[in-house]
Amino acid sequence: MSTRTEGRPEEDTPGTARRVCLAAVTAALSLGLMGACGGGERSDAKEAGSEAPATPRASSTGASSSAPSSSAPSSAAPVLAATPRPDLTGIGASGGKALTQGELDRAILADGDVPGFRSGPMDAPPPRGENADRSECLPLTAVLNGKPEPLGKAVAYRQLVGPDNDRPAVSEFLTTHGVQDASTLLNRLRAAVTACADGFTASGGDGPSTYTGVKRLSTVKAGDDALAYQLTGDFEGDPVPLVFHLVRVGGTMATFYTANFENGATPLMPPALLAAQATKLT
């Protein structure tokens, strides 16, 4: 499992308390799911210091996000009722148009698209991520690395944080694939969720990682196709749930990620974020 330093003042990080992120958070997390590991108060930290979970050995993350963040289990409930701004307009991806980098940058969620949520930039993932030790699970680690396969021709990254003490914290990336590759991407992930339901190990980055299970979750009705699943990491015997929601609009894929490093409960993904992004892409 790897560690990374969050972009917060030193006084906000007792020891390494605010600096440890689940290794499973390879690029996608390194993309900005800092909140999951460092944001917010952590009174239930493990004994080895009042640190946030140091995490199962997964990939290395060196980039930092400029947006504040934090994981959000139950406290996110009021935010989940948020709705997208009613005047959002689409960029035309639903017809299969291959969006350029500039179009992705304009289409990705921005401040005000979902009332209560702020949007901040995230660095691109580090070049080296982790790889599942079983070939059928590779699509899952590709998403963890922030590089879902088939690889996108253009990509944009964002960190989204809600109003409840910067909770919930959600990482997002948009990728341009073309309709066929985007459909292939989702189909490979569906197969991987089924094949890897009992878990798998991964290597690369700082060392080996253990994922104890994968399961499908209910999807939000948005876009042309969608998939949601939970990947559970293992940190010294404690479960760390990572939740991914993917929405396809034409040949563009929107991938959203959040995690719960606090109590093992499945973190909630605000459906308004997915709905707003699908609208901006349509």
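Up top is the structure these notes are about.
Analysis parameters
- Residues numbered from 1 in each chain as written.
- Predicted model: local features only at pLDDT ≥ 70, side-chain atom pairs only at ≥ 80, totals over all residues.
- Heavy atoms only, no water.
- Helix = DSSP H or I, 4+ residues; strand = E, 2+ residues; numbered from the N terminus.
- Expected span 1.5 Å × (residues − 1).
- Buried < 20%, exposed > 50% of the residue type's maximum accessible area, 1.4 Å probe, protein only.
- Arc of directions from axis to C-beta.
- Contact = heavy atoms within 4.5 Å.
- Disulfide = S-S within 2.5 Å.
- Phe/Tyr/Trp six-rings, centres within 6.5 Å; stacked < 30°, edge-to-face > 60°.
- Pairing = 2+ DSSP bridges.

Draft legend 1. The arrangement of helix 6 (residues 179-195) in detail. Counted at 1.5 Å a residue, the expected span for helix 6 with its 17 residues is 24 Å, and the 24 Å between its end C-alpha atoms agrees. Considered for burial, the residues of helix 6 that qualify are Ala182, Leu185, Leu186, Leu189, Arg190, Ala192 and Val193. For helix 6, the angular spread of buried residues about the axis comes to 165°, placing them on one side. Facing away from the buried surface of helix 6 by more than 90 degrees, the exposed residues are Gln180 and Thr194. On its buried face, helix 6 is in contact with helix 5 (138-144), strand 6 (209-216), strand 7 (225-235), strand 8 (238-249) and strand 9 (252-259).

Draft legend 2. How the structure looks around the state of the cysteines. Per the counting criterion, the structure on display carries one disulfide. Covalent S-S linkage joins Cys137 and Cys196, the inter-sulfur distance amounting to 2.0 Å. With the S-S dihedral at roughly -115°, the linkage between Cys137 and Cys196 falls on the left-handed side. Linking Cys137 in the loop between strand 2 (130-132) and helix 5 with Cys196 in the loop between helix 6 and strand 5 (200-204), this pair joins segments that are 59 residues apart in sequence. On the accessibility criterion, Cys137 (0% relative accessible area) is buried.

Draft legend 3. Representation of unusual backbone geometry within the structure. The omega angle of the peptide bond from Glu149 to Pro150 is 0°, so this bond is cis rather than trans. Looking at where Pro150 falls in the secondary structure, it is placed in the loop between helix 5 and strand 3 (154-161). Of note, the bond from Arg167 into Pro168 is cis; its omega dihedral lies within 30 degrees of zero at -10°. Among the secondary structure elements, Pro168 is positioned in the loop between strand 3 and strand 4 (169-176).

Draft legend 4. Quick look at the packing of aromatic side chains. One pass over the full model with this rule turns up four aromatic pairs. Judged by centre distance (5.3 Å) and plane angle (20°), the ring pair of Tyr229 and Phe244 falls under stacked. One end of the pair, Tyr229, is in strand 7; the other, Phe244, is in strand 8, with 15 residues separating them in the sequence. According to the relative accessible area criterion, Phe244 is buried, its value standing at 0%. Through successive ring pairs, a cluster of aromatic residues spans Tyr229, Phe244 and Tyr257.

Draft legend 5. Focus on the pairing of strand 6. When strand 5 meets strand 6, the two strands line up antiparallel, connected through three bridges. Bridge pairing in strand 6 links Ala202 to Ser209.

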